[in-house]
Amino acid sequence: MNLDHYNVNFSLMFEDACKMSLLDDSIDAVVTDPPYGRSAAIKAESMEHLLTHSLSEIYRVLKSRKRAVFISDRDIEDLARNAGFNLVELHLQRVHKSLTRRIYVLEKKMIL
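Residues numbered from 1 in each chain as written. Predicted model: local features only at pLDDT ≥ 70, side-chain atom pairs only at ≥ 80, totals over all residues. Heavy atoms only, no water.

What follows deals with the overall build of the protein. Counting its secondary structure elements, the protein contains three helices and four strands. Here the protein has roughly 7,900 Å² of accessible surface; of this, 51% comes from carbon and sulfur atoms. (Helix = DSSP H or I, 4+ residues; strand = E, 2+ residues; numbered from the N terminus. Areas by Shrake-Rupley, 256 points an atom, 1.4 Å probe, with all protein chains shown as cover.)

This part covers the sheet that holds strand β3 (residues 85–96). As a general point, the strands of a sheet are linked pairwise by backbone hydrogen bonds and lie either parallel or antiparallel. Sheet architecture is open: four strands sit in the order β1-β2-β4-β3, paired in mixed fashion. Edge strands, defined here as strands with exactly one partner in the open sheet, are β1 (27–32) and β3. With direction set aside, neighbouring strand axes in the sheet form an average angle of 10°. In this structure, β1 lies alongside strand β2 (residues 62–72), joined through five bridges in parallel fashion. The residue bridging Ala29 from the neighbouring strand is Arg67, located in β2. (Pairing = 2+ DSSP bridges. Axes fitted to C-alpha atoms, helices over the stretch in contact; angles between N-to-C directions.)

Now for the packing of aromatic side chains. Inspection of every chain in the model, using the stated rule, returns one aromatic pair. When the centroid spacing of 5.1 Å and the interplanar angle of 90° are considered together, the rings of Tyr59 and Phe85 count as edge-to-face. One end of the pair, Tyr59, is in helix α2 (residues 47–61); the other, Phe85, is in strand β3, and 26 residues separate them in sequence. For Tyr59, a relative accessible area of 18% gives the class buried. Its end group placed over the ring of Tyr59, Lys108 keeps NZ or CZ at 4.8 Å from the ring centre. (Phe/Tyr/Trp six-rings, centres within 6.5 Å; stacked < 30°, edge-to-face > 60°. Buried < 20%, exposed > 50% of the residue type's maximum accessible area, 1.4 Å probe, protein only. Lys NZ or Arg CZ within 6 Å of the ring centre and 35° of its normal.)

With that out of the way, let us pick up the pattern of salt bridges. Enumeration over the complete set of coordinates arrives at seven salt bridges. Salt-bridge contacts for Asp28 lead to Lys63; the nearest nitrogen and oxygen are separated by 2.9 Å. Residue Asp28 is located in strand β1, and its partner Lys63 is located in strand β2; the two are separated by 35 residues in the primary sequence. For Glu77, the salt bridge is made with Arg81, and the minimal N-O distance between the two is 3.1 Å. (Salt bridge = Lys/Arg side-chain N within 4 Å of Asp/Glu carboxyl O.)

Within the secondary structure layout, Lys108 lies in strand β4 (residues 99–108). At a separation of 2.8 Å, a polar atom in the side chain of Lys108 contacts the main-chain carbonyl oxygen of Tyr59. Setting aside anything within four residues of it in sequence, one finds Lys108 in contact with Asp25, Tyr59, Arg60, Leu62, Lys63, Ser64, Arg65, Lys66 and Phe85. (Polar contact = N/O pair within 3.5 Å; in protein donor to acceptor, adjacent residues only side chain to side chain. Contact = heavy atoms within 4.5 Å.)

Another aspect to go through is the nonpolar core. Counting 20 residues, the largest nonpolar core has Leu55, Ile58, Phe70, Ile76, Phe85 and Leu106 as the members making the most contacts within it. In this structure, Ile58 is in contact with Met20, Val30, Thr32, Ala68, Phe70 and Phe85, ignoring residues within four places of it in sequence. (Core = buried A, V, L, I, M, F, W, Y, C linked by side-chain atoms within 4.5 Å.)

In this section: the environment of Ser21. Structurally, the position occupied by Ser21 is in the loop between α1 (2–5) and β1. Under the relative-accessibility criterion, Ser21 is labelled exposed at 60%. Put simply, Ser21 and Val61 are 40 residues apart on the chain and 9.4 Å apart in space, counted from C-alpha to C-alpha. At a separation of 2.7 Å, a polar atom in the side chain of Ser21 contacts the side chain of Glu15.

Below, the structure written as structure tokens:
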């Protein structure tokens, strides 16, 4: 509804975040808020597996110098850098005493 409201040209997909059926360097932007594994069950081996592999997949499908917004309840800076991303911005949103959302703006490095 938000995307329609702002008249954004978009496509939504339902896929395995760790193995997407998309071509390399084919996506202009990614915004994702994966489950935190607290009250929502995850189907991955572990939360670490989900974060590591989904960041690598996002990097693979994202076009050079394009951005991804990745929301997490934990520090993923090292995982994002290991996947190849540059950290552009980090915003913290305190939800309540035991939850602070970390909103990462990541950019895919320029591929030569």
